[in-house]
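Observations on chain architecture
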Amino acid sequence: MSVLHYDNNEIRLRDDQSVLDSLLDAGHAVPHSCKAGVCQTCMMQADDGPIPAIAQAGLKPTQVAAGYFLACRCYPKHTMHIRSVDQSQGQYTATVLDKRWLNATVLRLRLSCPDMTFHAGQYLTLWKDAEHGRSYSIASLPEDPYIELHLKIYDAGRVSGWAARTLETGDTVQLQGPLGTCFYTPDQPRQTLLLAGVGTGLAPLYGIVRDALAQGHTGHIHLFTASNDPAGLYYLDELTALADAYTNVQITAVVQSLIGNPPSAINDLVVGDLNQVLQKHYPDTKGCRIYLCGSTQRVKNLQRQCFLGGANMSDIYCDLFG
Amino acid sequence: MTTLYEKLGGEAAVDAAVDIFYRKVLLDDRINQYFDSVDMDGQAKKQKAFLTMVFGGPNNYTGKDMREGHKHLKGLNDTHVDAVIENLGATLKELGVADEDIQQIADIANSVRDDVLNR
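Residues numbered from 1 in each chain as written. Chains lettered and ligands numbered in written order. Predicted model: local features only at pLDDT ≥ 70, side-chain atom pairs only at ≥ 80, totals over all residues. Heavy atoms only, no water.

Observations regarding the overall build of chain A
For chain A, the count of helices and strands is seven helices and 17 strands. Computed over C-alpha atoms, the radius of gyration of chain A comes to 21 Å, within 12% of the 20 Å expected from 2.2 N^0.38 for 322 residues, which places it in the range of a compact globule. Going through the 322 residues of chain A one by one, you find that 53% of them count as buried. In chain A, 66% of the contacts between residues at least 6 apart in sequence involve partners at least 24 apart. Just so you have it, chain A exposes about 14,200 Å², and 47% of that area is on carbon and sulfur atoms. Charged side chains in chain A number 24 positive and 30 negative. The centres of these two groups are separated by 5 Å. (Helix = DSSP H or I, 4+ residues; strand = E, 2+ residues; numbered from the N terminus. Rg over C-alpha atoms; globule rule 2.2 N^0.38 Å. Buried < 20%, exposed > 50% of the residue type's maximum accessible area, 1.4 Å probe, protein only. Contact = heavy atoms within 4.5 Å. Areas by Shrake-Rupley, 256 points an atom, 1.4 Å probe, with all protein chains shown as cover. Lys, Arg positive; Asp, Glu negative; His and termini not counted. Charge placed at Lys NZ, Arg CZ, Asp CG, Glu CD.)

Structure, rendered in structure tokens:
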């Protein structure tokens, strides 16, 4: 007979009872609907314990990697420690290692936080104080000696303004996370990866590209980094270096206009709208894995466009900046 | 005795059909206003649940669920249900499903017509 550990409770499971039914019988209000493994409302997360494969069927590779599973289809043979998905964030104290402006409005923070485990592309909350925090996507890899964030700084921004003006190297900050399923998994190493982001949307995408390369991805990797104008771009040297070092990496910078700005360092600079540029380069997205990062409006339009171009819904990963 | 769902290929068949079906309805001007949603992942899950049901697969939808689920859709009428079943048929044909099975699936879809239209 297996035992379930949930929310400081120990629940005994009968062999013929799913995790969902066991929790419901024990009086826990677990959201659910179809009880047939289709609607995914009963999604939970396992901290440990082997997860029966059928309980992860239909989930994205990133969800599988994060230990997510469907409670209505889970009949474990061993003890499991599980939690609701939205509780799965830790609180950490991190130290500021480095602050550096990447352009006029983007500040790079490098933080030391060795206890947090994460995937490049997930996001965390940076807390200014008990009430005010902002979410930022992780641009670095677990093997880097720091966690890297790219903060778009707004003068009147409560958290970004504080980070720009008050936060100093050596200070400690509170982090909460990680969350998000927009990260690389090595299950299809020859798949074409398309990545498109606006402004600091580059942060998670930069991490995902480096992660893919570190895990031996051989398929074509094409990153589109976009901004209104060249002044909003950043990391162009770093991106060019990646393209130079890896034959399967291609970088395209996209700007709406060149007005008022000198030509930038990158070779492939295109003037136009990101969605149209992506459509022109990849009218057929069948078989591609796609990572999108930016405002909700932008990402949703790109998602729709890429889906209609032939990509599987399950192969399109969205990181929404709101 | 194999069920229709098993004969079609079960969940794998549904997964293959969902993206194709969803693309078709998004491009069909007769009905895409009902399917064009910001939450595409959520919509895809609903498509999956619908296809599972019409493939004769496991589901717990009652007539009441179908009524409640469609009540808020303004102006919904028979032409829209017809268009959905038409796109369903085209999806199945693309996947090489036999005509008699397509008919059986269309019949299941038709069986919930009155619930969907709340009449």
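Quick notes on the interface of chain A and chain B
With 18 residues of chain A at the contact, the number on the chain B side is 18 residues. Taking both sides of the interface into account, the surface hidden between chain A and chain B amounts to around 1,600 Å²; carbon and sulfur atoms contribute 57%. The largest per-residue losses of area from chain A upon contact with chain B belong to Val38, Arg304 and Phe307 of chain A, which jointly make up 35% of the total buried on that side. Along the contact surface separating chain A from chain B lie two salt bridges. One salt bridge in this structure joins Asp36 of chain B and Arg304 of chain A, with 3.0 Å as the shortest N-O distance. Here chain A is connected to chain B by six residue pairs in polar contact (both at pLDDT 80 or more). Grouping the constituent residues of the side of chain A that touches chain B by class yields eight nonpolar, five polar and five charged. (Buried area = accessible area lost by both parts, 1.4 Å probe. Salt bridge = Lys/Arg side-chain N within 4 Å of Asp/Glu carboxyl O. Polar contact = N/O pair within 3.5 Å; in protein donor to acceptor, adjacent residues only side chain to side chain. Nonpolar A, V, L, I, M, F, W, Y, C, P; charged D, E, K, R; others polar.)

Considering helix 3 (residues 158-165) of chain A
Since the α-helix packs 3.6 residues into each turn, any two residues three or four apart lie on the same face. Residues and elements named next belong to chain A. By the criterion of burial, helix 3 is predominantly enclosed, with six of the eight residues buried. Of all the residues in helix 3, the buried ones are Val159, Ser160, Gly161, Trp162, Ala163 and Ala164. In this fold, the buried residues of helix 3 make contact with strand 6 (90-101), strand 7 (106-112), strand 8 (123-127), strand 9 (133-137), strand 10 (147-152) and strand 11 (172-179).

Details of the sheet that holds strand 2 (residues 9-13) of chain A
All names here are of chain A. Strand order in the open sheet made by the five strands is 2-1-5-3-4, with mixed pairing throughout. A single partner strand is all that each edge strand has here, and the edge strands are strand 2 and strand 4 (68-70). Each neighbouring strand pair of the sheet contributes to a mean axis angle of 40°, computed without reference to strand direction. Pairing between strand 3 (residues 43-48) and strand 5 (residues 80-84): four bridges, direction antiparallel. Along strand 5, the bridge assignment pairs Asp48 with His81. (Pairing = 2+ DSSP bridges. Axes fitted to C-alpha atoms, helices over the stretch in contact; angles between N-to-C directions.)

Focus: the packing of helix 6 (residues 78-94) of chain B against helix 7 (residues 99-111) of chain B
Residue and element names in this part refer to chain B. Packing of helix 6 against helix 7 leaves a shortest axis separation of 10 Å and a crossing angle of 155°. The angle between helix 6 and helix 7 places the two elements in the roughly antiparallel class. In the packing of helix 6 onto helix 7, the handedness of the crossing is right-handed. Note on element contacts: helix 7 touches helix 6 through Asp99, Ile102, Ile105, Ala106, Ala109 and Asn110, opposite Ile85, Leu88, Gly89, Leu92 and Lys93. Residue classes in the contact of helix 6 with helix 7 are distributed as seven nonpolar, two polar and two charged. (Parallel < 35°, antiparallel > 145°, perpendicular 65-115°, else oblique. Left-handed = near helix turned anticlockwise from the far one by under 90°.)

A closer look at the sheet that holds strand 14 (residues 249-255) of chain A
Residues and elements named next belong to chain A. Taken together, six strands build an open sheet; the order of strands is 15-14-13-12-16-17 and the sheet is parallel. If you trace the sheet from one side to the other, it starts and ends with strand 15 (269-271) and strand 17 (316-320), each paired once. In this sheet, adjacent strand axes meet at a mean angle of 15° when their direction is disregarded. Contacting strand 13 (221-227) and strand 14, helix 5 (residues 236-245) crosses the sheet at an angle of about 150° to strand 14.

Description of unusual backbone geometry
Residues and elements named next belong to chain A. The omega torsion across Gly177 and Pro178 is -5°, close enough to zero to call that bond cis. For Asp7, which is not glycine, the phi dihedral falls at a positive 55°. Along the chain, Asp7 falls in the loop between strand 1 (2-6) and strand 2. For Tyr235, which is not glycine, the phi dihedral falls at a positive 60°. In this structure, Tyr235 sits in the loop between strand 13 and helix 5.

A closer look at the environment of Ala203 of chain A
Residues and elements named next belong to chain A. Here Ala203 shows up in helix 4 (residues 202-214). Assessed through its relative accessible area of 1%, Ala203 is described here as buried. For the pair Ala203 and Leu167, spaced 36 residues apart in the sequence, the C-alpha separation amounts to 20 Å. Here Ala203 is in contact with Ser137, Ile138, Ala139, His150 and Tyr234, once residues within four sequence places are set aside.

Topic: the pairing of strand 11 of chain A
Residues and elements named next belong to chain A. In terms of strand pairing, strand 6 meets strand 11 through six bridges, oriented antiparallel. By the bridge assignment, Gly90 is partnered in strand 11 with Gly177. Relative to strand 11, strand 8 runs antiparallel, the two sharing four bridges. Looking across to strand 11, one finds that Thr125 is bridged to Gln176.

Quick notes on the nonpolar core
Counting residues in hydrophobic clusters, the biggest one holds 54 residues, and the most contacted among them are Leu51 and Phe55 of chain B. Per-element tally for this core: the top contributor is helix 2 (residues 10-27) of chain B, with eight residues. Membership of the second largest hydrophobic core comes to 26 residues, among which are Tyr206, Ala212, Tyr234 and Ile251 of chain A. (Core = buried A, V, L, I, M, F, W, Y, C linked by side-chain atoms within 4.5 Å.)

Some remarks on the pattern of salt bridges
Residue and element names in this part refer to chain A. Per the stated rule, a full pass over the model turns up 24 salt bridges over all chains. Salt-bridge contacts for Arg108 lead to Asp98; the nearest nitrogen and oxygen are separated by 3.3 Å. Of this pair, Arg108 sits in strand 7 while Asp98 sits in strand 6, and the two are 10 residues apart along the sequence. Its relative accessible area of 5% is what places Arg108 among the buried residues.

Keep in mind that these numbers describe shape and distance, not what the molecule does.
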